[in-house]
Amino acid sequence: MKDKLIVSGSPHIYTRESVSRIMWTVVVSLIPAGIAGVIIFGWDALWITLAAVGAAVSTELIFELAAGKKITVLDGSAVITGILLAFNLPAGVPLWLPVIGAVVSMVVGKLLFGGLGQNIFNPALVGRVFLMASWPKYMTTFTRPFCDTVASATPLAALKEGKVLEHIPYWDLFIGNHGGCIGEVCILALLIGAAILFIKGYISWQIPVTYIVTTGLFMYVFGGNGFFKGDWLFHILSGGLILGAFFMATDYVATPLTAKGQIIFGVGCGVLTAVIRIWGGYPEGVSYAILMMNAATPFIDRYTKNRIYGS
Amino acid sequence: MKSLVKEFTKGIIRENPTFVLVLGLCPTLAVSVSVANGIGMGVAATFVLLGSSMIVSLVKNFIPDKIRIPCFIVVIATFVTITELCLKAYSPVLDRALGIYVPLIVVNCIVLGRAEAFACKNNLASSFFDGLGMGVGFTLALVIISAIREFLGTGQVLGHTLIKRFEPPFVFGMPSGALLVIGLLLGLFNLIKDRKR
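Residues numbered from 1 in each chain as written. Chains lettered and ligands numbered in written order. Predicted model: local features only at pLDDT ≥ 70, side-chain atom pairs only at ≥ 80, totals over all residues. Heavy atoms only, no water.

A. Geometry of the overall build of chain B. Helices and strands together make up the secondary structure of chain B, namely 8 helices and 2 strands. Overall size of chain B, expressed as C-alpha extent along the three principal axes, is 60 × 50 × 30 Å. By the burial criterion, 40% of the 197 residues in chain B qualify as buried. Summarising the internal contacts of chain B: among those between residues at least 6 apart in sequence, 74% fall at separations of at least 24. When the accessible area of chain B is evaluated, it comes to approximately 10200 Å², of which 71% is carbon and sulfur surface. Charge separation in chain B, taken as the distance between the mean sites of 18 positive and 10 negative side-chain charges, equals 5 Å. (Helix = DSSP H or I, 4+ residues; strand = E, 2+ residues; numbered from the N terminus. Buried < 20%, exposed > 50% of the residue type's maximum accessible area, 1.4 Å probe, protein only. Contact = heavy atoms within 4.5 Å. Areas by Shrake-Rupley, 256 points an atom, 1.4 Å probe, with all protein chains shown as cover. Lys, Arg positive; Asp, Glu negative; His and termini not counted. Charge placed at Lys NZ, Arg CZ, Asp CG, Glu CD.)

As C-alpha cells, this is what we get:
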C-alpha cells in the first residue's frame, strides 16, 4: 500500500508512458528494418544483431552487478544500443566484431558516464566509430545483396572512389537492393519503423526533417559538377542517412531539448554529413556528423533555453 | 632524511604528474605510441626536470619575483637543448621518433610547474628529490599508457609479439586511442582514490 501512494505536486495527470515503454517501442519500430536486413543479406545479419544485443545486455548486467548499481537491463535501452550498432555493421563481419563493439558502446559510451540519461554521445555510434577506426578492413567490406560472399562497394563508396557509377535506380535504393550496412539499406522498412515512433509521438519532426532536408539541399547545391546539379535524391536514399536521422539523431539523451535547439541540431548534422560526403576522407559521414553534434548539444541547449514565463 | 624520501615518493603515486596533477598531457598523448618512445620521453623529461629544479633552487634568491617565469624558461630551455643535442648525437632513431616533442619539453607544464611550485621555494636537496620523483612518476605513467597502447594497437610490447593470431584494433595507435586510454586510466586512479577515502 505504501508504494501506491505517490506524493507529488500538481498537475496530477497519470500517464502510462515510461522510459522502458518508450525504449521497447523503439525496439519494435526497429524490427521491420531488421527483417529487411535478414531478407537482403541472409541469416548472418540476424546472428550479428543477436550477438550485438546479447553482448550489450550482458555488459550492462555485469557492469551494474560489479559496480553495485541498480540493474537497468530490462528498460530496453541496452537492447536498442545493440540493435543500432549491428544495423551499422556490414553483414560479412566476423561475429566477435559486434561483440567488442557492443562492449565498447556500453562501457565507454554509456556506463562510464553513469548509465542511461547521463551519456553525452549516442552509445551505438561510439561503438561503430571505435570499430571503424580499429578494423577498417572489416568495416568497409560490404556483401552484395542476396548472395553470400561477393564483396561489393556501397553506392557512396563507389562514388567517393570516382568510379563511373552504373546508375542504381532509386527504387533499388529505396527497398535496399544494394551494398551497405545491415539496417541502413532498406529505406521502406526504416520509414515504417519511423512512422510508429511518429504516431506514438516519441520523436518530433524537427531533427529528422531538418537533417534530411539540409543534407539533400546541400548535396543539390554542392554535390554535382557545378552548382545546383547534385543528385539529392540519391544522397538521401543512400548510406545511413535515414537510419541516422530517425533513430540515432533523435536519441533523447544526447540531443537538444527545445524545438529550436533540435532544428539547429538537425541542420548541423545535415551540413556536416554533406561536407564529409563531398570533401571528407570517408564516403559516409552520418555517424561522425551525429557524434559531433552530440558534442555540441550542451552549448545548443544553453543558448536555446526557453525563457521562463514572466522573466 | 625522511622528508627527502617523502619528496621523492610523492611524485610516483600520490601526486603523479600525469594521473593526479594532470600535467604534461600533450607529450603524453603524442609519444605514447610505443614503450620505447615512452621510456625515451620519460628519461629526457626527467633529466630536464632534475637539472632545472636544481638550478632554479640554487638561484632562487637572485631571481626578481616579477620576471621569474622567463628566468625559469631560460634554465629549462638550456637543459632541453642539452637533451636534444645528446639525443641527436647518440640516438638518432629515438630522436626521429620523438620529433618535435623533445624541443617541446621546454613548455611541458610538469617542468615549469615544479620550478614554480616547488624548486623556487625549497632547498637543493628537496628540489632534487622532488624533480626525480616527478620524473619517475611521469616515466612510469608514460610506460603504462604506452604499453597498453602498443599492445592493443600492434599486438606487441617493446617490439615482441605477445599473442599470435591477434587482430589489433588500430584505434589505439591513433590519437583518439591515446585519449581513450588516458581517460580510462584517469578514471581508474580517481576510483582508487575515492575507495581509499
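B. Highlighting the environment of A:Val28. Here A:Val28 lies in helix H1 (residues 19–41). Remark: the alpha-carbon pair of A:Val28 and A:Gly193, spanning 165 residues in sequence, is separated by 7.7 Å.

C. Highlighting the interface of chain B and chain A. Chain B puts 9 residues into the contact, and the matching count from chain A is 10 residues. With both sides pooled, the region where chain B packs onto chain A buries about 730 Å², and carbon together with sulfur makes up 69% of that total. Across the chain B-chain A interface, the total number found is 1 salt bridge. The salt bridge partner of B:Glu167 is A:Lys137, with a shortest N-O separation of 3.9 Å. One can count 3 residue pairs in polar contact (both at pLDDT 80 or more) joining chain B with chain A. Residues belonging to the side of chain B that touches chain A are distributed by class as follows: 8 nonpolar, no polar and 1 charged. (Buried area = accessible area lost by both parts, 1.4 Å probe. Salt bridge = Lys/Arg side-chain N within 4 Å of Asp/Glu carboxyl O. Polar contact = N/O pair within 3.5 Å; in protein donor to acceptor, adjacent residues only side chain to side chain. Nonpolar A, V, L, I, M, F, W, Y, C, P; charged D, E, K, R; others polar.)

D. Representation of the confidence of the model for chain B. Predicted confidence across chain B gives a mean pLDDT of 88, with 100% of residues reaching 70 or more. Interface confidence for the predicted complex, given as ipTM, is 0.81, next to a pTM of 0.87. (pLDDT = per-residue confidence, 0-100.)

E. Quick peek at the nonpolar core. One finds A:Leu30, A:Leu84, A:Leu131, A:Tyr211, A:Phe247 and A:Ile290 to be the most contacted residues of the largest nonpolar core, which totals 89 residues. Here this core takes 10 residues from H1(A), the largest share from any one element. The contacts of A:Leu131, once residues within four sequence positions are left out, are A:Leu85, A:Leu89, A:Leu97, A:Gly101, A:Pro136 and A:Met139. In terms of nonpolar packing, the next biggest core, distinct from the first, is built from 25 residues, B:Val48, B:Val80, B:Val106 and B:Ala115 among them. (Core = buried A, V, L, I, M, F, W, Y, C linked by side-chain atoms within 4.5 Å.)

F. Examining the packing of aromatic side chains more closely. Counting across every chain of the model gives 15 aromatic pairs over all chains. Measuring from ring centre to ring centre gives 6.0 Å for A:Phe198 and A:Phe246, while their planes differ by 85°; the resulting arrangement is edge-to-face. Within this pair, whereas A:Phe198 is found in helix H9 (residues 187–200), its partner A:Phe246 is found in helix H12 (residues 241–248), the two being separated by 48 residues in sequence. Judged by its relative accessible area of 9%, A:Phe246 is buried. An aromatic cluster of at least three residues, connected via ring pairs, comprises A:Trp96, A:Phe130, A:Trp135, A:Tyr138 and B:Phe172. Residue placement shows A:Lys137 over the ring face of A:Tyr138; its charged tip is 5.0 Å from the ring centre. (Phe/Tyr/Trp six-rings, centres within 6.5 Å; stacked < 30°, edge-to-face > 60°. Lys NZ or Arg CZ within 6 Å of the ring centre and 35° of its normal.)

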